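Topology and contacts: notes
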Amino acid sequence: EFPVIGISLFEATAYCHWLTQKYSQQLPPNYVVRVPTEAEWEKAAKGGLQIPNVPILQTIESLSHQSQVEFVENPLPKRPFPWGDGPLTSELAVYGDDHDLPSPVGTFPENVSPYGCIEMSGNVSEWTKTLLTPYPYEVWGYRDCAWLSTVQFFVCRGGGLYDEPHELHISWRAGF
């Protein structure tokens, strides 16, 4: 299947609400499916100080409320890419002129994060619910409060061949 492109943050959020309703019986109590914050996206892509011993690969249908995960020290806590610190190549992500459309999900099996998230870098950009503000920003600021104003720009992460401007791992302005 191909990744979805060309949708607004509003549409992505509506889809998350629909998924929450559809899988309400499989989700742990009080859990919802939603667009991540920029910090959550970053952790899913690169891991934290500790990462799962093995990637967590579960569908919503097979989600277990009692999953036990063993964590180990992250050998690359400052990894520049989800796959580690190796260089970006056309075998790891949509890169260069080799691709004229987004690639199907699963095309790059080595492009996987420590949590098992696939292809978070390259191919297409992904919405976050974090407001775009100048760096450095206050840790306890209001970047994740989408209700602050009517004119808002949000951070997209991931990046790929089909995004403007086309920069991997760089936040850019996307109007809502």
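Structural notes on the overall build of the protein
Helices and strands together make up the secondary structure of the protein, namely 2 helices and 5 strands. Listed by position from the N terminus, the elements making up the protein come as α-α-β-β-β-β-β. Within the protein, the proportion of its 176 residues that are buried is 36%. Here the analysis covers contacts within the protein between residues at least 6 apart in sequence; of these, 59% occur between residues at least 24 apart.

Remarks on the nonpolar core
Within the largest apolar cluster, 12 residues are counted, these being Leu9, Ala12, Cys16, Leu19, Tyr23, Leu27, Val33, Val35, Trp127, Leu131, Phe154 and Cys156. Contributing elements (two or more residues each) for this core: helix 1 (9–22), strand 3 (126–131) and strand 4 (153–157). Looking at this core element by element, the count peaks at 4 residues for helix 1.

Brief notes about the packing of aromatic side chains
Within the structure shown, the criterion is met by 2 aromatic pairs. An angle of 25° between the planes, with centres 5.6 Å apart, marks the rings of Tyr15 and Trp18 as stacked. In this pair, Tyr15 and Trp18 are both assigned in helix 1, 3 residues apart and thus about one turn of the helix distant. Measuring from centroid to centroid gives 4.6 Å for Phe81 and Trp83, while their planes differ by 5°, and the two rings are stacked. By relative accessible area, Phe81 is classed as buried at 15%.

Quick word on the confidence of the model for the protein
Where the model shows low pLDDT, its predicted coordinates should not be examined in detail. Scored by pLDDT, the protein comes out at a mean of 77, with 73% of its residues at no less than 70. Per-residue pLDDT stays below 50 along residues 161–176; that stretch engages in 58 contacts with residues further than four places along the chain or on separate chains.

What about unusual backbone geometry?
Unusually for a residue other than glycine, Asn30 sits at a positive phi of about 70°. Checked against the element boundaries, Asn30 lands in the loop between helix 1 and helix 2 (38–46). Positive phi outside glycine occurs at Glu119, with the angle close to 50°. By the element assignment, Glu119 lies in the loop between strand 2 (71–73) and strand 3. Glu119 sits in the buried class, given a relative accessible area of 8%.

Brief notes about helix 1
Over its 14 residues, helix 1 runs 20 Å from end to end, which matches the ideal 20 Å to within 8%, given 1.5 Å per residue. Residues of helix 1 that are buried in the fold lie against strand 3 and strand 4.

Considerations on the environment of Ile60
Summarising the element assignment, Ile60 is placed in the loop between strand 1 (50–52) and strand 2. Taking the C-alpha atoms as reference, Ile60 lies 9.5 Å from Leu19; in sequence the two are 41 residues apart. Sequence-distant contacts of Ile60, that is, excluding residues within four places in its chain, are made with Tyr23, Gln26 and Val33.

Observations regarding the side chain of Ser103
Structurally, Ser103 is set in the loop between strand 2 and strand 3. Setting aside chain neighbours within four positions, we find Ser103 in contact with Phe2, Pro3, Val94, Phe108 and Asn123.

Details of a nonpolar patch on the surface
A contiguous nonpolar patch, built from Ile56, Val69 and Phe71 and spanning about 220 Å² of accessible area, is present on the exposed surface. With respect to the secondary-structure elements, Phe71 resides in strand 2.

Cut-offs applied
Residues numbered from 1 in each chain as written. Predicted model: local features only at pLDDT ≥ 70, side-chain atom pairs only at ≥ 80, totals over all residues. Heavy atoms only, no water. Helix = DSSP H or I, 4+ residues; strand = E, 2+ residues; numbered from the N terminus. Buried < 20%, exposed > 50% of the residue type's maximum accessible area, 1.4 Å probe, protein only. Contact = heavy atoms within 4.5 Å. Core = buried A, V, L, I, M, F, W, Y, C linked by side-chain atoms within 4.5 Å. Phe/Tyr/Trp six-rings, centres within 6.5 Å; stacked < 30°, edge-to-face > 60°. pLDDT = per-residue confidence, 0-100. Expected span 1.5 Å × (residues − 1). Patch = residues over 30% accessible without salt bridge, like charges linked within 9 Å, V, L, I, M, F, W, Y side chains within 5 Å. Areas by Shrake-Rupley, 256 points an atom, 1.4 Å probe, with all protein chains shown as cover. Salt bridge = Lys/Arg side-chain N within 4 Å of Asp/Glu carboxyl O.

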